[in-house]
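Letter by letter, the chains look like this.
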Amino acid sequence: MLRALVQADQAFQTTAVPALQKEANKQGGGITYGGSGTDKIKITHSPFTSQIFNVTRQMLLAAKVNAIADRAIAAHKRGEKPIITVGNTMGAFLADYTEQHGISFGDDISLVTYKDALRRVLDRTRRVKQTDRKGASFHYTVPESELPAVVQTQYMIVKRMINSIPDAIVEGLPASPIDYITNKLEREGITVGELTGRKSKIIYEDDGRLTYERKTKEELDSVSVARNFNNNKNQAIIMNISGSTGISLHSAPDFGDKAVRHMIIAQPELDINIYVQILGRINRFKQITKPIYTSVTTSIPAELRLLSMLYAKLKKLNANVASDTKSNTQIEAPDLLNKYGDPVSY
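Scope of this entry: the structure provided in the associated data block. Note that the structure is predicted; figures quoted are calculated from it, not measured.

Scoring rules and cut-offs
Residues numbered from 1 in each chain as written. Predicted model: local features only at pLDDT ≥ 70, side-chain atom pairs only at ≥ 80, totals over all residues. Heavy atoms only, no water. 1 Å grid on protein atoms, 1.4 Å probe; cavity = no way out; pocket = protein on both sides within 12 Å on 5 of 7 lines; lining within 4 Å. Points joined across faces, edges and corners; volume = space filled by probe spheres on them. Nonpolar A, V, L, I, M, F, W, Y, C, P; charged D, E, K, R; others polar. Axes fitted to C-alpha atoms, helices over the stretch in contact; angles between N-to-C directions. Helix = DSSP H or I, 4+ residues; strand = E, 2+ residues; numbered from the N terminus. Left-handed = near helix turned anticlockwise from the far one by under 90°. Contact = heavy atoms within 4.5 Å. Buried < 20%, exposed > 50% of the residue type's maximum accessible area, 1.4 Å probe, protein only. Polar contact = N/O pair within 3.5 Å; in protein donor to acceptor, adjacent residues only side chain to side chain. Salt bridge = Lys/Arg side-chain N within 4 Å of Asp/Glu carboxyl O. Pairing = 2+ DSSP bridges. Core = buried A, V, L, I, M, F, W, Y, C linked by side-chain atoms within 4.5 Å.

**Details of empty space enclosed by the protein**
Counting across every chain of the model gives four cavities of 30 Å³ or more. Computed from the structure, the largest cavity encloses a volume of approximately 80 Å³. Across the lining of the largest cavity, the residue classes tally to six nonpolar, one polar and three charged. Lining the second largest cavity, in full, are Arg 57, Pro 268, Glu 269, Leu 270, Leu 306, Met 309, Leu 310 and Lys 313. For the lining of the second largest cavity, a count of residues per class yields five nonpolar, no polar and three charged.

Spelled out as structure tokens, the structure:
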């Protein structure tokens, strides 16, 4: 399906964009494909190939939600405090989906599925940027009905592929992984805080409905979230880059809850500096107990490549800081990114 998405995007880039610029020229816009120093307006389109990486990461996270939640539940039963780290929150997707479907806070959002997330990806391939000579710019999405027939055909092929995804697969890929994990933990009696910066959330009701809700001020206050976690008002926490600095989540002697902290890395940050900062939130000076770290990964080649990239970045960071590729922070991952990796992989 990703190949079909790329083909639709390429058709848009090579056929639709020149047609749009030609039409704008007729209207006096002075647009030429690719732009030049004399253009009054320039239209640019970012190819979908630059987005495949993020789409793959989102899909991998959605595929692991049950494994992530199960490990957090097991850690809690052992008397540990789980901290789950993610990179993608799907917050932008939820905001777009609710706006597009007229959903307000408190409304039912049960119909949302991962297919909708894929449809959003497809829609964004029709997004262009218009810039004038003064540098003022804005983005807009070209309506599918205005595309040349050959391009519309490519988009129809992708839509049919998305619609044909079996329900059994879609049910295993929640559109909002964070809310799915939170629900599964709370049904086990584990209260969950969140440090991601999201302004909204999905509530799983007892009758099976999903409700779109606004987060409270306390839920958005990182200091309150950290304090509630450290004093055992919340037994678990889900965080991303928003919680990488300025907070302490370790088992400090002056915290009400001194249980062992267990960080479950569901989705590592791509920036190795931020990745290490997040690890340090539970491994700090004067801690009573040492933390535990678990990385939840699949055997899917796309994720093994991500781990290999992270492994290489960590080696470089250690070499720059301590003149040694090894340190107390190590990642167990296949070292694929070298001259031997390509022939072995292929």
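**Quick word on the packing of helix α3 (residues 65-77) against helix α8 (residues 177-186)**
Think of two packed helices as two axes; the pair is described by the angle between the axes and how far apart they sit. At a minimum axis distance of 9 Å, the contact between α3 and α8 shows a crossing angle of 35°. Once α3 is placed against α8, the crossing between them reads as right-handed. Across the interface between the two elements, Val 65, Asn 66, Ile 68, Ala 69, Asp 70, Ala 72 and Ile 73 from α3 touch Pro 177, Tyr 180, Ile 181, Lys 184 and Leu 185 from α8. Partitioning the contact of α3 with α8 into residue classes produces nine nonpolar, one polar and two charged.

**Digging into the side chain of Thr 211**
In this structure, Thr 211 sits in strand β7 (residues 210-214). Classification of Thr 211 as buried rests on a relative accessible area of 3%. One polar contact links Thr 211 to Glu 205, side chain to side chain, over a distance of 2.8 Å.

**Some details on the environment of Arg 126**
If you trace the backbone, Arg 126 turns up in the loop between α5 (114-124) and β3 (127-132). The class of Arg 126 is buried, set by a relative accessible area of 7%. With 118 residues separating them in the primary sequence, Arg 126 and Ala 8 have C-alpha atoms 9.5 Å apart. The residues touching Arg 126, leaving out its near neighbours within four places in the chain, are Phe 12, Tyr 140, Thr 141, Val 142, Pro 143, Glu 144, Leu 147 and Tyr 155.

**Side note on the pattern of salt bridges**
Across all of its chains, the model carries 16 salt bridges by this definition. Arg 78 is paired through a salt bridge with Glu 80; the nearest N and O atoms lie 3.1 Å apart. Since its relative accessible area comes to 51%, Arg 78 is described here as exposed. The exposure class of Glu 80 is buried, given its relative accessible area of 11%.

**Details of the environment of Ala 175**
One can find Ala 175 in the loop between α7 (167-171) and α8. Note: C-alpha distance between Ala 175 and Val 112 (63 residues apart in sequence) is 6.9 Å. Ignoring any residue separated from it by four or fewer positions in sequence, one finds Ala 175 in contact with Met 90, Phe 93, Val 112, Thr 113 and Tyr 114.

**Description of the sheet that holds strand β1 (residues 41-44)**
Spatially, three strands are ordered β1-β3-β4 in an open sheet, and the strand pairing comes out antiparallel. Looking along the sheet, the strands with just one partner apiece sit at the ends: β1 and β4 (137-141). The mean angle between the axes of side-by-side strands here comes to 25°, regardless of whether they run parallel or antiparallel. Note that β1 and β3 share four bridges and pair antiparallel. Bridging from a neighbouring strand, Ile 43 pairs with Gln 130 of β3.

**Concerning the sheet that holds strand β8 (residues 236-239)**
An order of β5-β8-β2-β9-β10 is seen for the five strands of this open sheet, with the pairing classed as parallel. Across the chains shown, the open sheet's two edge strands, defined by having one partner strand only, are β5 (192-195) and β10 (292-295). The mean inter-strand angle of the sheet, taken between neighbouring strand axes irrespective of direction, is 20°. Across four bridges, β5 lies against β8 in parallel orientation. When the sheet's bridge partners are listed, Leu 195 is paired in β8 with Met 239. The strands that α3 touches are β2 (81-85), β9 (261-265) and β10; relative to β9, the one it contacts most, it runs at about 175°.

**A look at the nonpolar core**
Counting residues in hydrophobic clusters, the biggest one holds 38 residues, and the most contacted among them are Phe 12, Phe 93, Ile 109, Leu 147, Val 151, Tyr 155 and Val 158. Of all elements in the fold, only α1 (2-26), α2 (52-63), α4 (91-100), α5, α6 (149-163) and β7 reach the threshold of two or more residues within this core. The element contributing the most residues to this core is α1, with eight residues. Ignoring any residue separated from it by four or fewer positions in sequence, one finds Ile 109 in contact with Leu 94, Tyr 97, Thr 98, Ile 103, Ile 202, Leu 210, Thr 211 and Tyr 212. Counting 20 residues, the second-largest nonpolar core is a separate cluster that includes Ile 83, Phe 229, Ile 278 and Leu 317.

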